[in-house]
Amino acid sequence: RSSCSEQPEPRRPPMAQIPDQLRWAAEHLPDEPGFVVNGAGSVTYGEWHATSSRLAHGLIEAGVTAGDRVAMVLRPEDGLAFVQTYAAIHKAGGVAVPVNVRMAANLVEGVLKHCEPAVTVVAPELAHLAPGGVGWESLLTDDAADIQVDRDSDDLAEILYTSGTTSAPKGV
């Protein structure tokens, strides 16, 4: 039996886009762990939302507009940067293109050439794979204001590439 003083758990409204889900979590569960990477740390939903907004503003300042592809050349251990960049791309109205950095360098180059990203976010240790790419931290602005470029729920959101095991990687 519950007392009248207990607050019901907030109910998630139906949401079509990733920024909506993150915004809701940041408003209702700001201090709860939003993402944890073993050995690399964690971010709360509030931190995740604020940092991805700072990154989204940086992507827009770098020239990303609605529908532009943004490649992500990040290491598996860059999981926190990955999830924050992924959310930021969607907030900026971009199309996320995560690149498998375990592929041979020539295949990574082929993926980047094929997807024609407006911006490539790259881990410093992988700069040789993405000449002209920009580091995740260099895109951070001081502006953590909430942002979401309008997109339709049926607009392209992500391009995943096959592994290139039997032929060149293909975007799907």
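Here is what the cut-offs are and how they apply
Every chain is numbered on its own, with residues counted from 1 as its sequence reads. A pLDDT threshold of at least 70 governs which residues receive local features in this predicted model, and a stricter bar of 80 or more applies before side-chain atom pairs are shown or counted, although totals over entire chains, interfaces and linings include all residues. Side-chain numbers here rest on the full set of heavy atoms in the structure, without hydrogens or water. The working definition used for a salt bridge is a side-chain nitrogen of Lys or Arg within 4 Å of a carboxyl oxygen of Asp or Glu. A run of H or I in DSSP counts as a helix once it spans at least four residues, and a run of E counts as a strand once it spans at least two, with each numbered from the N terminus. Buried, partly exposed and exposed residues are distinguished by accessible area as a fraction of the type maximum, computed with a 1.4 Å probe on protein chains only: under 20%, between the cut-offs, and over 50%, respectively. Should DSSP find at least two bridges between two strands, the strands are taken to pair. With strands facing away from the observer, any crossover in which the path from the first strand over the helix to the second runs clockwise is taken as right-handed.

Trainee: What is the right way to look at the pattern of salt bridges in this model?
Mentor: It is possible for side chains bearing opposite charge to pair when their charged atoms get close. Within the structure shown, the criterion is met by six salt bridges. The shortest N-O distance in the salt bridge between Asp-146 and Arg-23 comes to 2.5 Å. Of this pair, Asp-146 sits in the segment after strand 6 (134-135) while Arg-23 sits in helix 1 (residues 18-28), and the two are 123 residues apart along the sequence. Looking at Asp-146, the relative accessible area reads 41%, which means it is partly exposed. A salt bridge links Arg-75 to Asp-78; the shortest N-O distance between them is 2.8 Å. On the accessibility criterion, Arg-75 (23% relative accessible area) is partly exposed.

Trainee: Help me out: how do you make sense of the environment of Thr-165 in this one?
Mentor: Relative to the assigned elements, Thr-165 resides in the segment after strand 6. According to the relative accessible area criterion, Thr-165 is exposed, its value standing at 68%. Here the alpha-carbon distance between Thr-165 and Met-103, two residues 62 residues apart in the chain, equals 8.9 Å.

Trainee: When you look at the pairing of strand 4 (residues 95-98) in this model, what are you seeing that I'm missing?
Mentor: Here is the key point about a regular strand: its side chains alternate between the two faces of the sheet. Of the two faces of strand 4, the one carrying Val-95 and Val-97 and the one carrying Ala-96 and Pro-98 are both buried. Relative to strand 4, strand 3 (residues 69-73) runs parallel, the two sharing four bridges. Bridge assignment links Met-72 to a residue of strand 4, and that residue is Pro-98. Each parallel crossover has a hand, and the one from strand 3 via helix 3 (residues 79-91) to strand 4 is right-handed.

Trainee: Can you help me understand the sheet that holds strand 3 in this one?
Mentor: The strands making up a sheet associate through hydrogen bonds between their backbones, and the pairing can be parallel or antiparallel. Strands sit in the order 4-3-5-6 across an open sheet of four strands; the sheet is parallel. Two strands lie at the open edges of the sheet, namely strand 4 and strand 6, each paired on one side alone. Pairing of strand 3 with strand 5 (residues 119-122), which is carried by four bridges, proceeds in the parallel orientation. Across the sheet, the residue bridging to Val-73 is Val-122, located in strand 5.

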